[in-house]
Amino acid sequence: QVQLVESGGGLVQAGGSLRLSCAASGSISSFNAMTWYRQAPGKQRELVATITSNDGTYYTDSLKGRFTISRDNAKNTVYLQMNSLKPEDTAVYYCHANVGSGRYWGQGTQVTVSS
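A brief report on the enclosed structure follows. Remember, it's a predicted structure, so these values are computed and weren't measured experimentally.

## Concerning the sheet that holds strand β1 (residues 4-7)
- One open sheet accounts for four strands, arranged β1-β3-β8-β7; its pairing is antiparallel. Of all the strands in the sheet, the pair left with one neighbour each is β1 and β7 (67-72). The mean angle between the axes of side-by-side strands here comes to 15 degrees, regardless of whether they run parallel or antiparallel.
- Relative to strand β3 (residues 18-24), β1 runs antiparallel, the two being bridged by four bridges. Among the inter-strand pairings, V5 is bridged to a residue of β3, identified as A23.

Shown next, in the form of structure tokens:
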């Protein structure tokens, strides 16, 4: 069983930045991949960014250049740096881990971008 705890969300003005953190209970260096998703009110959950075990990264096209995913294996933590935030980035952001034993979700952290 893997537990994921997100933090770093909050209220920010358009154009601002936030860094989300996802702390895992296991050794993320052994995870297949870790992914950030987001879900805005009334919308489906969408993939934001993924980082694989060999540090490959993938981003949803619309977010490339503004969002950066990274990880610190020593801290078992994955980060999502979000810059130039827009009101449409408002959503609950979820951390997801793809592990050999299964797939796990965090509880989410709210990001609200005001115009």
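## Looking at the side chain of E6
- By secondary structure assignment, the location of E6 is in strand β1.
- Within the structure, E6 has its side chain in polar contact with the backbone nitrogen of C95 (distance 2.7 Å).

## Notes on the layout of surface pockets
- Of the voids in this model, the largest pocket is the one considered here, and its volume is about 160 Å³.
- Contributing to the lining of the largest pocket are 13 residues, with R38, A40, K43, E46 and E88 lying nearest its centre.
- Within the lining of the largest pocket, the residues separate by chemical class into three nonpolar, three polar and seven charged.

## As for the nonpolar core
- Judged by nonpolar contacts, the single largest core of 31 residues is most densely connected at L4, M34, W36, L80, M82 and Y93.
- Elements with a minimum of two residues in this core: β3, β4 (33-39), β5 (46-52), β7, β8 (77-82), β9 (91-99) and β11 (109-114).
- Among the elements that line this core, the one with the most residues is β9, at five residues.
- Apart from the residues lying within four places of it in its own chain, the contact partners of Y93 are E6, L20, W36, Y37, R38, V48, F67, L80, M82, G108, T109 and V111.

What counts as what
- Residues numbered from 1 in each chain as written.
- Predicted model: local features only at pLDDT ≥ 70, side-chain atom pairs only at ≥ 80, totals over all residues.
- Heavy atoms only, no water.
- Pairing = 2+ DSSP bridges.
- Helix = DSSP H or I, 4+ residues; strand = E, 2+ residues; numbered from the N terminus.
- Axes fitted to C-alpha atoms, helices over the stretch in contact; angles between N-to-C directions.
- Polar contact = N/O pair within 3.5 Å; in protein donor to acceptor, adjacent residues only side chain to side chain.
- 1 Å grid on protein atoms, 1.4 Å probe; cavity = no way out; pocket = protein on both sides within 12 Å on 5 of 7 lines; lining within 4 Å.
- Points joined across faces, edges and corners; volume = space filled by probe spheres on them.
- Nonpolar A, V, L, I, M, F, W, Y, C, P; charged D, E, K, R; others polar.
- Core = buried A, V, L, I, M, F, W, Y, C linked by side-chain atoms within 4.5 Å.
- Buried < 20%, exposed > 50% of the residue type's maximum accessible area, 1.4 Å probe, protein only.
- Contact = heavy atoms within 4.5 Å.

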